[in-house]
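Structural overview for review
The primary structure of each chain is shown beneath.
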Amino acid sequence: MNIYLADKAGFCFGVKRAVQEALKVKIKYDKRIFTLGPLIHNNDVVEHLKKNDIYPIELDELYTLKAEDVIIIRSHGVPLSTKIILEEKGLIVVDATCPFVSNIQHIVKKHYELSYTIIIVGDRLHPEVIGINGWCGDNAIITKDGTGLENIGSRVCVVAQTTEKQVNWEKVLSVIIKNCKEFIGFNTICKATSERQICARELSKKVDMMVVIGGKNSSNTTKLYEICSENCKNTIHVENSNEIPNELIYDNIKSIGVTAGASTPDWIIKEAILKMDDEKNFEINEQLEFMKNNDTQIAVGQVIKGEVISVNEKEAFLNIGYKVDGILPKNEVTKDENENLNDLIKPGEEVEVKVIKRRSDDGYVVLSKIELQREKAYDEINKSKENNSTINIKIRDVSNAGLVGSYKGVRVFIPASHVELYHSSNLQEYLGKELTVNIIEYSEYNNKTRIVASRRELLKSEKNKAEEITWAALEKDTTVQGEVKRLTDFGAFVEINGVDGLLHVSEISWGRINKPGDVLKVGDVIKVSILDIDKEKKKLSLSMKKLIENPWNNIDLKYPVGNIVMGKVVRFANFGAFVELEPGVDGLVHISQICNVRINKPENALKIGEVVKAKILDVDKEQKKIGLSIREVDEV
Ligand code: SF4
């Protein structure tokens with residue numbers, strides 16, 4: 001069995017424009033929106049609009065509307081008086097009257113004002129005809145076949161309902177010609193209608209069966225049905241694919257023709273054809289090709305763009321160019337419950353989304369921005385690993401094993417040993433922080449992706465860079481500031497802008513120090529002089545005592561011979577005791593100068609740490625020697 005679609009079928013310009021206008025209004029106004037009567041004669045489209053919160057309302061229900069509600073005038077148009085009522089009520093009026101119908105209204109108004117009798121060829125109960133008649137004070141003579149035209153006056157202006165049959169127009173004209181002296185005629189039958197009628201007529205002559213698709217109350221669809229029935233006795237009129245009988249294949253039916261009224265959207269035609277065509281035997285004509293090109297197929301996982309129609313607290317609705325709209329729930333936009341969806345997405349905005357369900361319980365295509373971001377994030381992470389570039393992650397969780405971070409919603413793990421270059425005992429301090437990391441593992445198995453990151457390489461290279469800069473800046477005999485990082489028996493390691501230098505114990509003070517820990521502790525910030533530097537071997541020797549004046553410089557002035565000084569016994573030798581006069585300046589009290597009696601060793605008379613008075617016997621600045629006598633003080 002072959003299926004043929006009429007060359008011209010479905011949505012006409014005026015209807016398409018009205019539907020688009022209604023959806024645009026939805027974006028433009030954050031208000032209640034109504035259409036004065038069903039926007040077009042197609043229940044599926046009316047239901048689609050209802051899902052977008054655009055509801056039909058009848059003229060006698062206007063009292064339920066408030067000022068500033070939006071009302072859309074449908075493509076059929078309305079009488080002038082109705083337009084005035086809407087405006088006086090303070091409503092926002094959006095006129096989606098088809099321009100062809102508006103043209104008729106203005107012709108009628110103008111000629112009525114010029115005292116012509118107005119004749120409309122059409123159906124007196126059709127809303128378009130009622131509307132046109134309203135532009136000449138409801139004084140038009142309405143006829144379909146020329147009856148009722150006996151007393152029409154001498155000057156007549158005649159127009160036609162846009163969906164009227166050509167044959168009726170000609171019939172009425174032939175009567176008018178006979179009955180009046182002067183007439184002016186405007187054949188306002190819409191080309192869209194006549195084109196559909198011509199195509200339907202031609203097709204219905206060639207096929208065994210005709211299927212006319214469109215609203216049961218659509219006059220142009222009804223006319224198509226009448227035309228097709230004249231040529232093909234097996235003609236049926238259905239609103240959509242559900243009404244097509246399941247058993248279409250009779251022995252004598254080899255071909256089916258399809259046409260559709262001007263209010264029938266492409267997707268309803270397509271569904272109907274697909275339902276009838278079990279062997280994909282339909283002929284691709286211009287019309288079908290157009291529909292095919294404009295038809296959007298939706299599959300889970302597909303990335304599509306959509307225009308935001310409306311946004312509320314919980315979800316946004318998107319026009320995705322499909323037969324049903326898309327719904328974008330808030331939790332598919334952000335995981336932050338405190339965020340307001342209205343701040344994140346605005347009506348009219350175009351957004352890229354991923355399809356995660358073809359049909360929700362309410363019939364919408366379910367969309368996600370988060371899934372799309374996550375997919376992009378995986379891609380970026382993978383590329384980052386390949387290129388050895390860095391990414392920034394926010395730390396969301398901490399465990400003994402390490403840190404768990406998030407990159408645009410994707411989990412990234414940093415082992416504890418990769419957080420710092422040294423062991424970090426307090427990982428909690430990283431919680432909530434943003435860290436720059438390298439990806440060191442990206443693996444997938446069992447539908448799971450494992451992503452491991454590290455800071456080590458990054459920190460190492462940062463350290464190296466800082467060290468390079470420091471080595472370049474350091475100069476011998478300059479004073480720098482550093483932090484004591486480690487203490488040993490032979491000295492302290494001091495870090496200067498990332499570079500470690502050795503402060504030998506002998507360079508800490510002019511005085512005698514047993515071990516560095518006696519005067520320094522880890523964390524002390526000290527000033528040091530660079531004693532020596534080897535930039536090649538990266539060796540740095542530091543001195544603290546160089547920054548203090550050598551106590552032997554003016555020793556003879558500070559300690560004149562014959563004077564009495566106080567000092568502390570610091571060590572013993574067989575030949576005497578050393579007494580510290582100040583850090584770095586020790587004097588010797590020979591054993592014979594300790595007391596008036598003979599002693600075998602100094603410790604028989606003195607104790608380490610004991611403070612004693614002594615007389616300066618001699619000072620040798622060159623040899624850094626001072627002779628002292630305790631005995632002579634006692635004798636004084
Ligand atoms: S059939 Fe013609 S006049 Fe009627 S809405 Fe469509 S384009 Fe306008």
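Residues numbered from 1 in each chain as written. Predicted model: local features only at pLDDT ≥ 70, side-chain atom pairs only at ≥ 80, totals over all residues.

Digging into the overall build of the protein
- Tallying secondary structure elements over the protein gives 15 helices and 32 strands in all.
- Its C-alpha atoms give the protein a radius of gyration of 50 Å, clearly above 26 Å, the size a compact globule of 636 residues would have.
- In the protein, which comprises 636 residues, the share counted as buried stands at 35%.
- Once local pairs closer than 6 in sequence are excluded, the contacts in the protein between residues at least 24 apart make up 66%. (Helix = DSSP H or I, 4+ residues; strand = E, 2+ residues; numbered from the N terminus. Rg over C-alpha atoms; globule rule 2.2 N^0.38 Å. Buried ≥ 20, exposed ≤ 12 C-beta atoms within 10 Å, placed from the backbone. Contact = placed C-beta atoms within 7 Å.)

Thoughts on the site of the ligand
- Cys12, Gly14, Cys98, Thr162 and Cys190 are the nearest of the 13 residues found near the ligand.
- Listed by contribution, the elements that provide at least two residues to the shell around the ligand are helix H1 (13-28), helix H4 (99-113) and helix H7 (191-206).
- Among the elements that make up the shell around the ligand, the one with the highest residue count is H1 (three residues).
- A breakdown of the residues in the shell around the ligand according to their chemical character gives nine nonpolar, four polar and no charged. (Near = placed C-beta within 6 Å. Nonpolar A, V, L, I, M, F, W, Y, C, P; charged D, E, K, R; others polar.)

Describing the domain arrangement of the protein
- Taken domain by domain, the protein holds domain 1 (1-97 + 196-295), domain 2 (101-189), domain 3 (303-368), domain 4 (373-459), domain 5 (474-547) and domain 6 (555-635).
- On a C-alpha basis, the centres of domain 2 and domain 3 stand 49 Å from each other. (Domains from an automatic or database assignment.)

Quick look at the nonpolar core
- Core analysis: the biggest nonpolar cluster contains 53 residues, and Ala22, Ile72 and Ile119 have the highest contact counts within it.
- Of the residues that make up this core, three or more belong to each of domain 1 (1-97 + 196-295) and domain 2 (101-189).
- Residues within four places of isoleucine 119 in sequence aside, it is in contact with Ala140, Ile141, Thr143, Ile152, Val156, Val158 and Ile176.
- Grouped together as the second largest cluster of nonpolar side chains are 27 residues, Ala9, Val212, Cys228 and Met276 included. (Core = buried A, V, L, I, M, F, W, Y, C linked by C-beta atoms within 7 Å.)

Description of the environment of alanine 453
- Mapped onto the elements, alanine 453 comes out in strand S22 (residues 448-454).
- Linking alanine 453 and valine 404, residues 49 residues apart in sequence, is a C-alpha distance of 9.7 Å.
- If we ignore the near neighbours within four places in the chain, the residues touching alanine 453 are Ile393, Val412, Phe413, Ile414, Val437, Asn438, Ile439 and Ile440.

What about the sheet that holds strand S28 (residues 564-573)?
- The five strands are arranged S28-S29-S30-S32-S31 in a closed barrel whose pairing can be described as mixed. Across the sheet, the axes of successive neighbouring strands diverge by a mean angle of 50 degrees, strand direction being ignored.
- Where S28 meets strand S31 (residues 611-620), five bridges bridge the pair, whose relative direction is antiparallel. Along S31, the bridge assignment pairs methionine 566 with lysine 613. (Pairing = 2+ DSSP bridges. Axes fitted to C-alpha atoms, helices over the stretch in contact; angles between N-to-C directions.)

Brief notes about the sheet that holds strand S8 (residues 155-160)
- Taking strand neighbours across the sheet as the criterion, the four strands line up as S7-S6-S8-S9 in an open arrangement whose pairing is parallel. In this open sheet, the two edge strands, each paired with only one partner strand, are strand S7 (141-143) and strand S9 (182-186). For this sheet the average axis-to-axis angle between neighbouring strands, irrespective of direction, equals 20 degrees.
- Two elements, S8 and S9, share five bridges in a ladder whose sense is parallel.

Topic: the packing of H7 against helix H8 (residues 219-231)
- Where H7 contacts H8, the two axes come as close as 8 Å, and the packing angle between them is 25 degrees. It follows from the interaxial angle that H7 and H8 lie roughly parallel. Crossing angle aside, the handedness with which H7 passes H8 is right-handed. For the pair H7 and H8, contact is made by Thr193, Arg196, Gln197, Ala200, Arg201, Ser204 and Lys205 and by Asn220, Lys223, Leu224, Ile227, Cys228 and Asn231, respectively. (Parallel < 35°, antiparallel > 145°, perpendicular 65-115°, else oblique. Left-handed = near helix turned anticlockwise from the far one by under 90°.)

Let's talk about helix H12 (residues 370-387)
- Compared with the 26 Å implied by 1.5 Å per residue over 18 residues, the 25 Å span of H12 between its first and last C-alpha is a close match.
- Just beyond H12, the residue with positive phi is asparagine 388, at close to 55 degrees. (Expected span 1.5 Å × (residues − 1).)

Here we look at the pairing of strand S5 (residues 92-95)
- Looking at chain direction, strand S4 (residues 70-73) and S5 are connected through four bridges and run parallel. Pairing of isoleucine 71 across the sheet is with valine 93, part of S5.
- Chirality of the crossover, the property in question, places the unit of S4, helix H3 (residues 80-88) and S5 among those that are right-handed. (Right-handed = clockwise from strand over helix to strand, strands pointing away.)

Side note on the environment of arginine 571
- Mapped onto the elements, arginine 571 comes out in strand S28.
- Assessed through the 12 C-beta atoms surrounding it within 10 Å, arginine 571 is described here as exposed.
- For arginine 571 and isoleucine 395, which are 176 residues apart along the polypeptide, the C-alpha to C-alpha distance reads 59 Å.

Looking at unusual backbone geometry
- Located in the positive-phi region is lysine 408, a residue other than glycine, with phi close to 50 degrees.
- Mapped onto the fold, lysine 408 is located in the loop between strand S19 (402-407) and strand S20 (410-415).

Topic: the environment of serine 102
- Within the secondary structure, serine 102 sits in helix H4.
- Assessed through the 16 C-beta atoms surrounding it within 10 Å, serine 102 is described here as partly exposed.
- Dropping the residues within four chain positions of it, serine 102 is found in contact with Gly77 and Thr97.

Let's talk about the pairing of strand S14 (residues 315-319)
- Counting buried positions along S14 gives four out of five residues, so the element sits mostly inside the fold.
- Here strand S13 (residues 303-311) runs beside S14; their pairing, made up of four bridges, is antiparallel. Bridge assignment links glutamate 307 to a residue of S14, and that residue is asparagine 319.
- In this structure, the hairpin formed by S13 and S14 is closed by a connection of three residues.
- By the bridge criterion, four bridges tie S14 to strand S15 (residues 326-329) in an arrangement that is antiparallel. Paired with alanine 316 across the strands is leucine 328, a residue of S15.

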